[in-house]
Amino acid sequence: QSIMEWLGKFIPEVQVVRKTDMGVRFKMGKHVKIMEPGVRCFWPIVTEVEVINVAKQTLRLKPQILTTRDGKQVMASGVVVFSVSDIIKFLVDNYDSYDSIEDVASTALRRAITTSDFDDIQRDRSGDFDATLTKKIRSYVVRAFGVKVYSARLRDFSPTRVFSVSINGDGDSE
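Treat the numbers as computed from the prediction; the structure is a model and nothing was measured.

Caption draft 1: Region of interest: the pattern of salt bridges. Applying the stated criterion across every chain, the model contains five salt bridges. For D120, the salt bridge is made with R123, and the minimal N-O distance between the two is 2.3 Å. Residue D120 and its partner R123 are located together in helix α4 (residues 118-123), separated by three residues, close to a single helical turn. Residue classification places D120 among the partly exposed residues on the basis of a relative accessible area of 28%. The salt bridge involving R153 is made with D130; its shortest N-O contact spans 4.0 Å. With R153 in strand β8 (residues 147-159) and D130 in helix α5 (residues 128-145), the pair connects residues that are 23 residues apart, well separated along the chain. Here R153 falls in the partly exposed class, since its relative accessible area comes to 42%. Taking relative accessible area as the criterion, D130 reaches 4% and is therefore assigned buried.

See below:
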């Protein structure tokens with residue numbers, strides 16, 4: 001750190017928080033205060049600031065190989081549309097909320113697929129199945145992570161085959 005950077009921490013800093021953003025200020029590492037949109041001033045020597053977008057956004061769920069209730073293997077991925085509704089829960093009460101929401105939503109997607117039949121999912125993809133998926137994800141993430149879930153949908157859904165190769169101790173496949 002240069003001397004100028006160090007001295008700069010003794011000068012109040014001004015930050016503009018956009019309408020689509022919110023943030024938190026950590027004063028002396030422990031006192032937390034919400035930063036609403038607008039012009040905000042703080043002393044960098046005793047204050048850390050974290051600002052994030054709280055507007056409606058999407059989170060893509062990674063593809064998973066799953067087995068439906070009727071025994072068909074499928075590849076499925078999804079998308080969750082959400083916004084941050086409680087900035088304290090999102091930034092302070094949870095570590096890496098984006099990753100955590102993805103993990104929990106992926107688990108809900110897995111449960112929705114593995115408890116349904118392939119034909120039912122195919123028939124109801126943009127109707128009942130997506131509504132069920134949305135409800136499952138809402139029940140898991142809304143209270144815990146401070147978000148509002150608007151919808152959840154299957155992005156990709158297709159039958160697949162999983163091949164496994166067994167390798168013996170010599171490195172040769174059997």
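Caption draft 2: Broad picture of the side chain of Q64. Its location among the elements puts Q64 in strand β6 (residues 57-67). By relative accessible area, Q64 is classed as buried at 17%.

Caption draft 3: Quick look at the sheet that holds strand β5 (residues 47-53). Spatial ordering of the open sheet is given by β3-β2-β5, a layout of three strands whose pairing is antiparallel. Looking along the sheet, the strands with just one partner apiece sit at the ends: β3 (31-35) and β5. Across the sheet, the mean angle from the axis of one strand to that of its neighbour is 20 degrees, orientation sign disregarded. Relative to β5, strand β2 (residues 21-27) runs antiparallel, the two sharing seven bridges. Note on β5: the bridge partner recorded for R25 is V49.

Caption draft 4: Representation of the nonpolar core. Within the largest apolar cluster, 34 residues are counted, with the highest numbers of intra-cluster contacts made by I87, I113, I137, L154 and F157. Of all elements in the fold, only β2, β6, β7 (73-84), α2 (87-91), α3 (97-114), α4, α5 and β8 reach the threshold of two or more residues within this core. Broken down by element, the residue count for this core peaks at six residues, all from α3. Excluding its chain neighbours within four sequence positions, the residues that come into contact with I113 are L66, T67, T68, R69, V74, A76, I121, F129, L154 and F157.

Caption draft 5: Here's a closer look at the environment of E13. Of note, E13 is situated in strand β1 (residues 13-17). Here the alpha-carbon distance between E13 and G29, two residues 16 residues apart in the chain, equals 17 Å. What E13 contacts, discounting residues up to four positions off in sequence, is R40, C41, F42 and P44.

Caption draft 6: Spotlight on α5. Taking 1.5 Å as the rise per residue, α5 with 18 residues should run 26 Å; its terminal C-alpha atoms sit 25 Å apart, in good agreement. The largest bend in α5 comes to about 35 degrees, at R138. Within the span of α5, buried status applies to F129, D130, L133, T134, I137, V141 and F145. Those residues of α5 hidden inside the fold are in contact with β7, α2, α3, α4 and β8. Just downstream of α5, G146 is the residue with a positive phi angle, here 70 degrees.

Caption draft 7: Expanded view of the pairing of β2. Of all seven residues in β2, six are buried, a share of seventy percent or more. As defined by bridge partners, β2 adjoins β3 across five bridges and the pair is classed as antiparallel. When the bridges of β3 are listed, R25 appears paired with K33. Taking the residues between adjacent antiparallel strands as the criterion, β2 and β3 are bridged by three residues, where M28 takes a positive phi near 55 degrees.

Reading guide: rules and limits
Residues numbered from 1 in each chain as written. Predicted model: local features only at pLDDT ≥ 70, side-chain atom pairs only at ≥ 80, totals over all residues. Heavy atoms only, no water. Salt bridge = Lys/Arg side-chain N within 4 Å of Asp/Glu carboxyl O. Helix = DSSP H or I, 4+ residues; strand = E, 2+ residues; numbered from the N terminus. Buried < 20%, exposed > 50% of the residue type's maximum accessible area, 1.4 Å probe, protein only. Pairing = 2+ DSSP bridges. Axes fitted to C-alpha atoms, helices over the stretch in contact; angles between N-to-C directions. Core = buried A, V, L, I, M, F, W, Y, C linked by side-chain atoms within 4.5 Å. Contact = heavy atoms within 4.5 Å. Expected span 1.5 Å × (residues − 1). Bend = angle between axes of the 7 residues up to and from the residue.

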